[in-house]
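Breakdown of the fold
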Amino acid sequence: MAENMIESGKLPADGLVTITHVIYGLHAFTVITGLLSPMLIVTAFLTGWPSILAVVLNYIKRSEARGTYLESHFRWQIRTFWFALLWVVVAWLLVFTLIGIPLAIVVVSIAGLWVLYRVARGWLRLNDKLAMPV
């Protein structure tokens, strides 16, 4: 199993693994809040304080994860956040045109499902001590 956990070198500290679980938990909390509220998933993911806190933690702890399988999880989490933000901006630009409103709803819905998928997939692979694909 150790060969699955590391590709390039060292094992991460247990505390860093715990923090990575907490980060996925914060993102999941925001996604679940979005599902249970009238807000869309991706909007809750981006504007919810748990996801913002999670991304801040990603950037603070990123250097500690370097060289471990957790580095790929941090990259996965950070990219998920920023790409979701990009799609929300695109959707908001579409909302300003009457014709674009239905398209904006589609964009945000697909982005929300994509965020949910990425949080679930990442957390499951973390639980198995596996790196995320590049």
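Residues numbered from 1 in each chain as written. Predicted model: local features only at pLDDT ≥ 70, side-chain atom pairs only at ≥ 80, totals over all residues. Heavy atoms only, no water.

Observations regarding the environment of tryptophan 87
Among the secondary structure elements, tryptophan 87 is positioned in helix H5 (residues 70–95). Taking C-alpha positions, tryptophan 87 is 9.4 Å from isoleucine 110, a pair spaced 23 residues apart along the chain. With residues up to four places along the chain from it excluded, the contact list for tryptophan 87 reads Val107 and Ala111. (Helix = DSSP H or I, 4+ residues; strand = E, 2+ residues; numbered from the N terminus. Contact = heavy atoms within 4.5 Å.)

Things to note about the UniProt feature "transmembrane region" (unreviewed entry) in the chain
The sites that carry the UniProt feature "transmembrane region" (unreviewed entry) are, in the present numbering, residues 12–33, 39–60 and 81–114. A helix fraction of 91% and a strand fraction of 0% characterise residues 12–33, whose end C-alpha atoms lie 31 Å from each other. Split by type, residues 81–114 is 88% helix and 0% strand. Its first and last C-alpha atoms lie 11 Å apart. (UniProt positions renumbered as here; feature names shortened; annotations may be inferred.)

Concerning the confidence of the model for the chain
Looking at the chain, pLDDT values average 85 and 84% of them are 70 or higher. Mean pLDDT across the elements of the chain ranges from a minimum in helix H1 (residues 2–5), with 44, to a maximum in helix H4 (residues 49–65), with 93. In this model residues 1–8 is a low-confidence stretch, pLDDT under 50, and it forms 10 contacts with partners more than four residues away in sequence or in other chains. (pLDDT = per-residue confidence, 0-100.)

Here's the deal with the nonpolar core
Ranked by size, the top nonpolar core spans 14 residues in total, and within it Leu16, Tyr24, Ala65, Tyr69, Leu70, Phe74 and Leu126 carry the most contacts. Contributions of two or more residues to this core are made by helix H2 (14–36), H4 and H5. In terms of residue count, the dominant contributor to this core is H2 (5 residues). Ala28, Val31, Ala84 and Val119 belong to the second largest nonpolar core, which has 5 residues in total. (Core = buried A, V, L, I, M, F, W, Y, C linked by side-chain atoms within 4.5 Å. Buried < 20%, exposed > 50% of the residue type's maximum accessible area, 1.4 Å probe, protein only.)

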